[in-house]
Amino acid sequence: MSTSAAVSTNSANADTKKMSFTEWTKHVSSIEKQNSTDTTLLTSAYQELLDAWPLLYVFWKKYAEYVFKHSGLDKAIAIYEQGISAVSVSVNLWTQYCLFVAEKSEDLEQIRGLFERAIKRVGSDFLATPLWDAYISFESSQQEYENVLRIYERALNCPVKDLEKLWDRYKAYGAVRPLKELAVNVGDLALQGSEDEQKNIIFSFFQQKKVATLAIIKEIEVYETKITRPYFHIQAIDSVQLQNWRDYLEFSEKRGDHAKTVHLYNKCLTPCCLYLEFWFKYIRYLEFSKEAEKGDYGKAIEKMATVYLKSRPEAQILLAQYKEESGDIDAARAIYVVLMKREKPHLESILQFAYFESRQKNVKEAAAIYLEAQSNILEKEVGAYPFFIMEYAAFAARYLSDLDSARKIYNEATSHSKLPVSTNASLWMGYLNFEAQHFEQSSFESLVQTILAKDNFTKESYIQVLGCALGLSYTYSSNIKQIRHLKLQLQYYKSQPSANAQKRDRQSDDVNPQAQKQAKVNPQQQNVQQQQLPQQQQQQQQQYYQQQQGQGQNNAAYAEYYANYYKQQQQQQQQHQQPQGGYGN
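Conventions we followed
- Residues numbered from 1 in each chain as written.
- Predicted model: local features only at pLDDT ≥ 70, side-chain atom pairs only at ≥ 80, totals over all residues.
- Heavy atoms only, no water.
- Core = buried A, V, L, I, M, F, W, Y, C linked by side-chain atoms within 4.5 Å.
- Buried < 20%, exposed > 50% of the residue type's maximum accessible area, 1.4 Å probe, protein only.
- Helix = DSSP H or I, 4+ residues; strand = E, 2+ residues; numbered from the N terminus.
- Phe/Tyr/Trp six-rings, centres within 6.5 Å; stacked < 30°, edge-to-face > 60°.
- Axes fitted to C-alpha atoms, helices over the stretch in contact; angles between N-to-C directions.
- Parallel < 35°, antiparallel > 145°, perpendicular 65-115°, else oblique.
- Contact = heavy atoms within 4.5 Å.
- Nonpolar A, V, L, I, M, F, W, Y, C, P; charged D, E, K, R; others polar.
- Salt bridge = Lys/Arg side-chain N within 4 Å of Asp/Glu carboxyl O.

A. Region of interest: the nonpolar core. Of all hydrophobic cores here, the largest spans 169 residues; its most connected members are Tyr-170, Phe-278, Met-304, Phe-388 and Leu-432. Counting residues per element, this core draws most heavily on helix α21 (residues 385-399), which supplies 10 residues.

Right under this line is the structure:
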């Protein structure tokens, strides 16, 4: 078998759609080493690699140079254009592109035009000194000495890392050039004395500009010097780097320069493109910025969800919501349908799909989503089950106007044998809040009595449920005897040692045996006693999720459960610095 045929067979056998980043790079490297005469093998491999991982500026350079070797300058330029579209804030790629065209092309206007595009896009970047150097070298090679001076003068307004070196070179260069070449961009500056004295006046004029730029550098270098990886790599970014990006972005937003802030977000989203947090920050910024163009935030959402975070449901949900907002209902629904096919159910995807159909007045379809998801959630994501049930019951009450069906949902869920004790407690608190929200005093008091008769709680979970029942009873119940029983029970079980938590003594001289199973704290005590999130943080979580969901239950159990569930999810993600489900998957 020929080398070309062997490579073709290997390439065909590679399931590129499922390859990881490491597998991709090895796959391309293996084809590079074969030195095959069939150029389509390597060009296809480069293109597929960069379609999957578009931020790899080194491979854009290799791809363009390979195409130039086999297909000429115009085709190579087309590849570089793809590259700078994908990695628009890469100083390295822009510089390589400019140097490549300056070397290969004889069209001076084309070369200068490209340098000007590069300067406009990344010339003010802290790391842009190599680009300025390349532009200066090109004009020097053309003996366009006045152009060289003008480039130096422009560079002095940009907060680049090596500004002092550029300044020293500018003075040295200007010192040997004629005065008339220097005295161009000085406005009405009064020039007096000898030629050297006049040059010194000009240098002092530009030194003031340099000093102003150095003040900006002093502000940003505290952040810039901490960036150890400005390029993309699949490896996780350490927590120090992530915090530096957060601080830098906050600093830039407060400064109020929209163009620089957008540039910084794009710069951040090169190494941090797999981090949902930074995409959400960017989208939020674009949506609320008065200087952003209409639709900018939508473009950012599309880029996040269709290129970098294809397998992150949170990104897909945001895209679906944007499609819905834009009136493309079919596209939004199609996104949700794909999310429903995930092997492990994703709670927010399910709920958002149901909310979506509810907003479209498709109540039957929304009900079917809840019904079909219930057993899957219970089997594969039991920790999310209470929250799911709260939402399912709320849907039945609101959209089906059927309180009995909602109660049935709760009754079946709370009696399920598969539920852990802690999960069961969350459900009972949700049920209590549901009855309080749709207040029927007899139903509420009957539910409290049912809880009093239960004996399958741990001490901690029982205190939570009793605390919830007591707090709500103060507002919604007139049964003072039941309230008294709840309070006594709560105090009783709070006083018991943890070792005896599951051995409930139903004998009491002062308390009815049924009432002996109650005890809730008032809401302020509950937040302290239950070792839950601080009240302020809990409220923030509740407000955040209500904003996202739009239709969530406005009650304490809802917020309490989601706050804890969300915190657990965050802790799990923090165990793996690299977010799951990166782009290209």
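Here the narrative resumes, following the displayed structure.
B. Representation of the packing of aromatic side chains. Scanning the entire structure with this criterion turns up 39 aromatic pairs. A connected cluster of aromatic rings, assembled from ring pairs, spans Tyr-152, Trp-167, Tyr-170, Tyr-173, Phe-203, Phe-205 and Phe-206.

C. Structural view of the packing of helix α6 (residues 91-104) against helix α7 (residues 108-122). Between α6 and α7, the shortest axis-to-axis distance is 9 Å and the interhelical angle comes to 170 degrees. Classified by the interaxial angle, the pair formed by α6 and α7 is roughly antiparallel. Contact residues: α6 offers Val-91, Trp-94, Tyr-97, Cys-98, Val-101 and Ala-102, while α7 offers Gln-110, Ile-111, Leu-114, Phe-115, Arg-117, Ala-118, Arg-121 and Val-122. Grouping the constituent residues of the contact of α6 with α7 by class yields 11 nonpolar, one polar and two charged.

D. Representation of the pattern of salt bridges within the structure. On inspection of all chains with the given rule, the structure shows 25 salt bridges. Here Lys-254 makes a salt bridge to Glu-250, at a shortest N to O gap of 3.2 Å. Of the two residues, Lys-254 and Glu-250 both sit in helix α13 (residues 239-255), four residues apart, roughly one turn of that helix. Judged by its relative accessible area of 66%, Lys-254 falls in the exposed class. On the accessibility criterion, Glu-250 (42% relative accessible area) is partly exposed. Of the charged contacts in the structure, one is a salt bridge between Glu-435 and Arg-407, with a shortest N-O distance of 2.6 Å. Of the two residues, Glu-435 is situated in helix α23 (residues 421-437) and Arg-407 in helix α22 (residues 403-414); the sequence distance between them amounts to 28 residues. Each member of the pair Glu-435 and Arg-407 is classed as buried. One connected set of salt bridges, linked through shared partners, spans Glu-109, Arg-112 and Glu-139.

E. Spatial organisation of the environment of Leu-427. Relative to the helices and strands, Leu-427 is located in helix α23. Among the residues examined, Leu-427 registers a relative accessible area of 0% and is labelled buried. A sequence separation of 37 residues divides Leu-427 from Met-390, and the C-alpha atoms of the two residues are 7.6 Å apart. Setting aside chain neighbours within four positions, we find Leu-427 in contact with Tyr-385, Pro-386, Ile-389, Tyr-410, Ala-413, Thr-414 and Leu-419.

Function-wise, these values are silent; they only describe arrangement.
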